[in-house]
Amino acid sequence: MTGTTVMGGREGQADTRWFTEARFGMFIHWGTYSAAARHEWVRSHEKMSWEEYRKYFEHFYPDLYDPEEWAELAKQAGMKYFVVTTKHHEGFCLWDTQYTEYKATRTPWGRDLLKPMVEAFRAAGLRVGFYYSLIDWHHPHFTVDRYHPQREEAGERAKNAGRDMRIYAAYMRNQVRELLTQFGQVDLMWYDFSYPGEDGKGRADWESEQLYALTRELQPQVLVNNRLDLPGVGDFVTPEQVQPTSALVDEEGKPVVWEACQTFSGSWGYYRDEYTWKSVRQLLWMLIDGVSKNGNLLLNVGPTARGEFDERARARLRGIGEWVRRHGRSIYGCGAAPQEFACPADCRLTYNAKARRLYVHILNWPVKHLWLEGEAYKQRVAYAQFLHDASEVQMKRPEAWQEAQMGKGRRAAVCLELPVLKPPVEIPVIELFLK
Ligand code: GLC
């Protein structure tokens, strides 16, 4: 046994059980682009040369960096793992890699930023994930392509003849070896990303097979995402900035493990002047909606160049944590409800198979009653309570006049008697104990 074929995962892939149990993680995008404070793609968007871009590296001084606090904020929000950009597309490395000078220890701050982060999050009980960018706009052998900052610079394209992606691919393996040997157990590797085709890059450029094999060899248990451009490889799929409309399945219709990655606003890196921040309620909806479709939520924070989560992020993490503290039971270890339980209007169902409990998340507060339709509810619901305060929600058989109101051919199996006022939580949840 190689250690990679384990129950719960697919053949040849890793065990995803901790991951689907966890459901909620923190993404962290942090690099020298945080100083530009206008998107982590700023160098590409603004087609900056190295001469223009280097100022962020030369001024990087995150003196307020407090990884214990970050870990505490993630934990309080209810997150169970984190994934940090060890290197993003700009190429800057948070750790003291021996393969480039473009790293945290060569900034004015002069210290490794990754090790203390890993230690702090691990100490807080969170699993450790590394994002590693396949794209690298700093490496001299990374060829200029359609996203490269220097794509329009005269002469840069011509230099591609002298650039050798094989050298770059070996560089990536060297760095991944560091990441997977110097930081203890790594639970998740998040490679980003492939864009094969004309003027793009894919598995042949990254030498993805070798990179994947190395990853597995060094840490057989590590979960790997699906962005290496290797068909069939990936322990989970990664919808980005979208909520899938139904549980995701593979070509054969079997459910796949997935994780939606989402931002608070439109950017992953700290963006000072971006104001389209989602509300706590929307963010909770994304978490709940994902779990109701068997998915995880990886919610991103872009710390500032001084090393802090800004107030907008803190407020949302607090708000989320406030809800999750009382409602974690409907999230952790939960997934889509069995099909026989029809989801009531304006609700989302999640289900904990081990505990045999069904959770009705009420997104829009109804007037006095919530009707559950179908035999399954009639036969199997033993007891109902609000999750936030464990107060009973009384169940009634609906009166004939009520059923008549529901429309032709529809029958409520159970009628839940609701208070007129919505309980004082962002999204109320009713916990149904099944027989
Ligand atoms: C993307 C972007 C990137 C971000 C990532 C997160 O593909 O290139 O900036 O890190 O998605 O999912």
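Values in this document were obtained by computation on a predicted structure and should not be read as measured data.

Calculation criteria
Residues numbered from 1 in each chain as written. Predicted model: local features only at pLDDT ≥ 70, side-chain atom pairs only at ≥ 80, totals over all residues. Heavy atoms only, no water. Helix = DSSP H or I, 4+ residues; strand = E, 2+ residues; numbered from the N terminus. Rg over C-alpha atoms; globule rule 2.2 N^0.38 Å. Buried < 20%, exposed > 50% of the residue type's maximum accessible area, 1.4 Å probe, protein only. Contact = heavy atoms within 4.5 Å. Areas by Shrake-Rupley, 256 points an atom, 1.4 Å probe, with all protein chains shown as cover. Lys, Arg positive; Asp, Glu negative; His and termini not counted. Charge placed at Lys NZ, Arg CZ, Asp CG, Glu CD. Near = heavy atom within 4 Å. Polar contact = N/O pair within 3.5 Å; in protein donor to acceptor, adjacent residues only side chain to side chain. Nonpolar A, V, L, I, M, F, W, Y, C, P; charged D, E, K, R; others polar. Salt bridge = Lys/Arg side-chain N within 4 Å of Asp/Glu carboxyl O. Pairing = 2+ DSSP bridges. Core = buried A, V, L, I, M, F, W, Y, C linked by side-chain atoms within 4.5 Å. Domains from an automatic or database assignment. Axes fitted to C-alpha atoms, helices over the stretch in contact; angles between N-to-C directions. Parallel < 35°, antiparallel > 145°, perpendicular 65-115°, else oblique. Left-handed = near helix turned anticlockwise from the far one by under 90°. Phe/Tyr/Trp six-rings, centres within 6.5 Å; stacked < 30°, edge-to-face > 60°. Lys NZ or Arg CZ within 6 Å of the ring centre and 35° of its normal.

With that out of the way, let us pick up the overall build of the protein. A count of helical and extended segments in the protein gives 13 helices and 14 strands. Its C-alpha atoms give the protein a radius of gyration of 24 Å, near enough to 22 Å, the size a compact globule of 435 residues would have. Relative to its full complement of 435 residues, the protein shows a buried share of 58%. When contacts within the protein are restricted to residue pairs at least 6 apart in sequence, long-range pairs at least 24 apart make up 71% of them. Carbon together with sulfur atoms contributes 50% to the accessible area of the protein, which is approximately 18500 Å² in total. Once the 56 positive and 58 negative side-chain charges of the protein are each reduced to a mean point, those two points are 5 Å apart.

Now for the site of the ligand. Around the ligand, a shell composed of 14 residues is seen, among which His29, Glu40, His88, His89 and Glu240 lie nearest. The separation between an oxygen atom of the ligand and a polar side-chain atom of His29 is 2.5 Å. Within the side chain of Glu240, a nitrogen or oxygen atom sits 2.9 Å from an oxygen atom of the ligand. In isolation the ligand exposes 310 Å². Once the protein is present, 95% of that is buried. Of the residues assigned to the shell around the ligand, the class counts are 7 nonpolar, 3 polar and 4 charged.

Here the focus is unusual backbone geometry. For the bond running from Asp192 to Phe193, omega is -20°, close enough to zero to count as cis. Structurally, Phe193 is set in the loop between strand 4 (188-192) and helix 8 (203-206). Non-glycine residue Asp229 carries a positive phi angle of around 65°. For Ala390, which is not glycine, the phi torsion reads 50° and is therefore positive. Tracing the sequence through the fold places Ala390 in the loop between strand 11 (381-386) and strand 12 (395-396).

What follows covers the pattern of salt bridges. Tallied over the full model, the rule gives 34 salt bridges. With a closest N to O distance of 2.9 Å, Glu69 and Arg314 form a salt bridge. Placement of the pair is Glu69 in helix 5 (residues 67-77) and Arg314 in helix 11 (residues 311-327), with a sequence separation of 245 residues. Owing to a relative accessible area of 28%, Glu69 belongs among the partly exposed residues under this scheme. When the shortest N-O distance is used, the salt bridge between Lys254 and Glu252 registers 2.9 Å. The class for Lys254 is partly exposed, based on a relative accessible area of 47%. Glu252 gets classed as exposed once you look at its relative accessible area, which sits at 60%.

This part is about the pairing of strand 14 (residues 429-434). Counting buried residues along strand 14, 5 of its 6 residues qualify, which places the element largely inside the surrounding structure. One ladder, built from 5 bridges, connects strand 9 (residues 357-362) with strand 14; its direction is antiparallel. Bridge pairing links His361 to Val429 in strand 14. With 5 bridges connecting them, strand 11 and strand 14 associate as antiparallel partners. Paired with Ala384 across the strands is Leu432, a residue of strand 14.

Taken in spatial order, the 3 strands line up as 10-13-12 in an open sheet, and their pairing is antiparallel. Single-partner strands in this sheet number two, and they are strand 10 (369-373) and strand 12. Where strand 12 and strand 13 (residues 412-417) come together, 2 bridges link them in antiparallel fashion. Within strand 13, the residue paired with Lys396 across the bridge is Cys415.

Of all hydrophobic cores here, the largest spans 93 residues; its most connected members are Met26, Met117, Phe121 and Phe130. Structurally, this core is a two-domain feature, drawing no fewer than three residues from each of domain 1 (17-330) and domain 2 (347-434). Excluding residues that lie within four positions of it along the chain, Phe121 makes contacts with Met26, Ile28, Pro67, Trp70, Ala71, Ala74, Phe82 and Leu126. Counting 24 residues, the second-largest nonpolar core is a separate cluster that includes Leu349, Leu358, Leu432 and Leu434.

Take the packing of helix 5 against helix 6 (residues 114-123) next. Orientation of helix 5 relative to helix 6, taken along the N-to-C sense of each, is 40°, at an axis distance of 8 Å. In terms of axis orientation, helix 5 runs oblique to helix 6. Note that helix 5 runs across helix 6; the crossing there is right-handed. When helix 5 is examined against helix 6, the residues Pro67, Glu68, Trp70, Ala71 and Ala74 are found in contact with a partner set consisting of Pro116, Met117, Ala120 and Phe121. Here the residues of the contact of helix 5 with helix 6 are counted per class, giving 8 nonpolar, no polar and 1 charged.

Applying the stated rule across the entire model yields 37 aromatic pairs. Seen from their ring centres, Trp30 and Trp70 are 4.9 Å apart, and the 70° between their planes marks the pair as edge-to-face. Here Trp70 lies in helix 5 and Trp30 lies in the loop between strand 1 (24-28) and helix 2 (33-36), a separation of 40 residues in the sequence. Each member of the pair, Trp30 together with Trp70, is buried. Relative accessible area serves as the criterion here: at 1%, Trp70 is assigned to the buried category. Here the aromatic cluster, defined as three or more aromatic residues joined through ring pairs, consists of Trp30, Trp50, Phe57, Phe60, Tyr65, Trp70, Phe92, Tyr102 and Phe309. Above the ring of Tyr332, the side-chain terminus of Lys80 is found at 4.5 Å from the ring centroid. The ring of Phe183 is capped by Lys115, whose NZ or CZ atom sits 5.0 Å from the centre of that ring.

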